[in-house]
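Tertiary structure, described
Each chain, written out:
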Amino acid sequence: MLKIFSLSRTPPGLSAILTWMTFMVVAGYAIVVPWVSHVDPLITDFSMADLPPGKDALFGTDAEGHDLFIRVAQGLRISLVISLVTATTSCLFGVVLGTLAGMSGGWVDRIIMRITDGINALPHLLIGILIVSLFKGSVIAIIASLTLTHWTYIARVVRAQIIGVRHAEFIEAAWLSGMNRWRIIRVHLIPAALGQTLIGLVLLIPHTIWHESTLSFLGLGLPPHMPSLGTLLSSAQGALLLGQWWMLLFPCLLLIATTVSVSLIGGMLKNRITGHQETLR
């Protein structure tokens, strides 16, 4: 995705400005509009149903009279919150297990790595469908299913970073000074892996947005009264056949703008951190 949307013909500085501006507009839209509007997503107004985009409704309305300008913002906010929580919990699991594998070695390392191989070998979407279908409409089930399938990348990155520095001279000096294992992990090893973990956290956000949207699109995610980008796209299927193109257009645009801008920010962050680490070497 990063290569497809690399904006290679745009000067690097302008590319970064455009990326950050897009992200700030999208994030501001998701935060400010629902906060200012105070619209209850359960309230319907059939007198305003199925209106095309215009002065009365900037993004048009749906079959229940909801203003899509507000409803898409509500859905984007929910999708962003779920993705942020999922990315954070995935990073926590990945850091703990990756640190344990890299520091311990031996059979502990082998067991953790075989578990990650097993999870990576399974289709992540099918695991999500299996878990969410047992607890349909549960936000916790969605977050748990996404976390279960997304911590492995972070664990591998952290493990590789710790293996790379655990025999470094400053680590040996820490051992000789009498510092215990957990203090070495907390003071030296985890900070050494922090940069790559931050990159993984940012890059997990668009990935989890797409997964949550897919589950909701299939009718296994959030209930209809909690709009997410996936539920809005799901409800747009029938509307598109009736010529109500705006029901699909605006959620799709926000989904693409969000995931592409965050992916590009993750790429820029990766280049910055990797370049800094190479300079230190």
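Being a predicted model, the structure only gives us computed values, none of them experimental.

**Things to note about the overall build of the protein**
Summing up its helical and strand segments, the protein has nine helices and zero strands in all. Its helices and strands in sequence order give the protein the pattern α-α-α-α-α-α-α-α-α, from N to C terminus. Seen along its three principal axes, the alpha-carbon backbone of the protein occupies a region of about 75 × 50 × 30 Å. For the protein, with 281 residues in total, the buried portion stands at 43%. Looking at the protein as shown, the accessible area adds up to about 15,000 Å², and 71% of this sits on carbon and sulfur atoms. When the 17 basic and 13 acidic side-chain charges of the protein are each reduced to a single mean position, those positions are 15 Å apart.

**Quick notes on a nonpolar patch on the surface**
Judged by side-chain polarity, Leu14, Ile17, Leu18 and Met21 come together as a nonpolar surface patch covering roughly 370 Å² of accessible area. Counting through the fold element by element, Met21 comes out in helix α1 (residues 12-37).

**Observations regarding the nonpolar core**
By size, the foremost hydrophobic cluster in this structure holds 41 residues, and its most contacted members are Tyr29, Leu76 and Leu189. Of all elements in the fold, only α1, α2 (68-104), α5 (139-165), α6 (169-176), α7 (181-217), α8 (229-241) and α9 (246-280) reach the threshold of two or more residues within this core. Take this core: its biggest share by element is 10 residues, from α2. Judged by nonpolar contacts, the second largest core, of nine residues, contains Val132, Ile143, Leu146 and Leu215.

**Some points on the side chain of Thr147**
In this structure, Thr147 sits in helix α5. Filtering out sequence-adjacent residues up to four positions away, Thr147 remains in contact with Thr86, Thr89, Ser90 and Phe93.

**What about the packing of α2 against helix α3 (residues 106-121)?**
Think of two packed helices as two axes; the pair is described by the angle between the axes and how far apart they sit. Contact geometry for α2 and α3: axes closest at 7 Å, N-to-C directions at 145 degrees. Here α2 and α3 pass one another in a crossing that is left-handed. The residues of α3 that touch α2, namely those facing Leu97, Leu100, Ala101 and Ser104, are Gly106, Val108, Asp109, Ile112 and Met113. Counted by class, the contact of α2 with α3 contains six nonpolar, two polar and one charged residues.

**Examining the side chain of Ser261**
Examined against the element boundaries, Ser261 turns out to sit in helix α9. On the basis of relative accessible area, Ser261 is assigned to the buried category, the value being 2%. Setting aside residues no more than four positions away along its own chain, Ser261 makes contact with Thr19, Thr22 and Phe23.

**Description of the packing of aromatic side chains**
Counted under the stated rule, the structure contains six aromatic pairs. With 6.2 Å between their ring centres and 85 degrees between their planes, Trp20 and Phe23 make a pair best called edge-to-face. In this pair, Trp20 and Phe23 both sit in helix α1, three residues apart, roughly one turn of the helix. Note on Phe59 and Phe250: the rings are 4.1 Å apart at their centroids and 0 degrees apart in plane angle, and the pair reads as stacked. Here Phe250 lies in helix α9 and Phe59 lies in the loop between α1 and α2, a separation of 191 residues in the sequence. In textbook terms, an aromatic cluster arises when at least three aromatic residues are bridged by ring pairs, as seen for Tyr29, Phe59, Phe69 and Phe250.

Thresholds, definitions, all that
- Residues numbered from 1 in each chain as written.
- Predicted model: local features only at pLDDT ≥ 70, side-chain atom pairs only at ≥ 80, totals over all residues.
- Heavy atoms only, no water.
- Helix = DSSP H or I, 4+ residues; strand = E, 2+ residues; numbered from the N terminus.
- Buried < 20%, exposed > 50% of the residue type's maximum accessible area, 1.4 Å probe, protein only.
- Areas by Shrake-Rupley, 256 points an atom, 1.4 Å probe, with all protein chains shown as cover.
- Lys, Arg positive; Asp, Glu negative; His and termini not counted.
- Charge placed at Lys NZ, Arg CZ, Asp CG, Glu CD.
- Patch = residues over 30% accessible without salt bridge, like charges linked within 9 Å, V, L, I, M, F, W, Y side chains within 5 Å.
- Salt bridge = Lys/Arg side-chain N within 4 Å of Asp/Glu carboxyl O.
- Core = buried A, V, L, I, M, F, W, Y, C linked by side-chain atoms within 4.5 Å.
- Contact = heavy atoms within 4.5 Å.
- Axes fitted to C-alpha atoms, helices over the stretch in contact; angles between N-to-C directions.
- Left-handed = near helix turned anticlockwise from the far one by under 90°.
- Nonpolar A, V, L, I, M, F, W, Y, C, P; charged D, E, K, R; others polar.
- Phe/Tyr/Trp six-rings, centres within 6.5 Å; stacked < 30°, edge-to-face > 60°.

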